[in-house]
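# Chain and residue survey
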Amino acid sequence: VQLQASGGGLVRAGDSLRLSCTASERKFQTYVMGWFRQAPGKERQFVAAITWNGRNRYADGLKDRFTISRDNVDNTATVYLQMNNLKPEDTAVYYCAANTDLFTIVTMTSRFAPWGQGTLVTVSS
């Protein structure tokens, strides 16, 4: 498994969660790393992404509650998604993914590969 995501769970509205995704190959340290989410019955959607040097991009309406960050340590790259003030509509399976572009952040799922296995976030009202 190239990307390993974790950190999901069941929380109440207003709570916070931090998702993590670790890529255990040095090459990922230069890739754009991103988070997507897929709610039941809906298409997978872009959440946020970050370049190797920390430039980031968020889906509309999420920047005030979500923060993406990353660490490049030894031969691994770890990307985090800090989610605050969670809402029931944030309920989804969250996926991390990599894009081999070094500087350009795109939002299309088709431009990202490989993908992590997904971690479920459930927000109760």
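Coordinates for the structure precede this section.
Below you will find a few notes about this structure. Please read all numbers here as calculations on a predicted model, not as lab measurements.

## Remarks on the overall build of the chain
Counting secondary structure elements, the chain contains zero helices and 10 strands. Secondary structure of the chain in N-to-C order comes out as β-β-β-β-β-β-β-β-β-β. Its C-alpha radius of gyration of 13 Å places the chain within 12% of the 14 Å reference for a compact globule of 125 residues. Each of the three principal axes of the chain carries a C-alpha extent, and together these read 40 × 25 × 25 Å. In the chain, buried positions account for 43% of the 125 residues. Contacts spanning at least 24 positions in sequence make up 60% of the contacts within the chain whose residues lie at least 6 apart. Accessible surface, the chain as shown: approximately 6400 Å² in total, 46% of it carbon and sulfur. Computed over 14 positive and 10 negative side-chain charges, the inter-centroid distance for the chain is 2 Å.

## Brief notes about the sheet that holds strand E8 (residues 76-83)
A sheet is described by the order of its strands in space; here four strands give the open sequence E1-E3-E8-E7, paired in antiparallel fashion. With partners counted over all chains shown, the strands left at the sheet margins are strand E1 (3-6) and strand E7 (66-73), one partner each. If you compare each strand with its neighbour and ignore which way they point, the axes differ by 15° on average. Pairing geometry for E1 and strand E3 (residues 17-23), over four bridges, is antiparallel. Looking at the pairing, Ser 6 lines up with Ser 20 of E3.

## Considerations on the pairing of strand E4 (residues 32-38)
Counting buried residues along E4, six of its seven residues qualify, which places the element largely inside the surrounding structure. Note: E4 against strand E9 (residues 92-99), seven bridges, orientation antiparallel. Bridge pairing in E9 places Phe 36 opposite Tyr 95. Relative to strand E5 (residues 45-50), E4 runs antiparallel, the two sharing five bridges.

## A short note on the nonpolar core
Trp 35, Phe 66, Leu 81, Met 83 and Tyr 94 are the most contacted members of the largest nonpolar core, which has 39 residues in total. Those elements that provide at least two residues to this core are E1, E3, E4, E5, E7, E8, E9 and strand E10 (119-124).

## Describing the pattern of salt bridges
Under the criterion given, the structure shown has four salt bridges. Across the pair Arg 37 and Asp 90 runs a salt bridge, and its minimum N-O distance is 2.9 Å. With Arg 37 in strand E4 and Asp 90 in the loop between E8 and E9, this pair connects stretches of sequence that are 53 residues apart. As far as the burial class goes, Arg 37 and Asp 90 line up, both buried. Arg 111 serves as the salt-bridge partner of Asp 101, at 3.0 Å between the closest nitrogen and oxygen. Placement of Asp 101 in the loop between E9 and E10 and of Arg 111 in the loop between E9 and E10 is noted, with a sequence separation of 10 residues between them. In this structure Arg 111 comes out as partly exposed when scored by relative accessible area, which is 40%.

The rules behind the values
Residues numbered from 1 in each chain as written. Predicted model: local features only at pLDDT ≥ 70, side-chain atom pairs only at ≥ 80, totals over all residues. Heavy atoms only, no water. Helix = DSSP H or I, 4+ residues; strand = E, 2+ residues; numbered from the N terminus. Rg over C-alpha atoms; globule rule 2.2 N^0.38 Å. Buried < 20%, exposed > 50% of the residue type's maximum accessible area, 1.4 Å probe, protein only. Contact = heavy atoms within 4.5 Å. Areas by Shrake-Rupley, 256 points an atom, 1.4 Å probe, with all protein chains shown as cover. Lys, Arg positive; Asp, Glu negative; His and termini not counted. Charge placed at Lys NZ, Arg CZ, Asp CG, Glu CD. Pairing = 2+ DSSP bridges. Axes fitted to C-alpha atoms, helices over the stretch in contact; angles between N-to-C directions. Core = buried A, V, L, I, M, F, W, Y, C linked by side-chain atoms within 4.5 Å. Salt bridge = Lys/Arg side-chain N within 4 Å of Asp/Glu carboxyl O.

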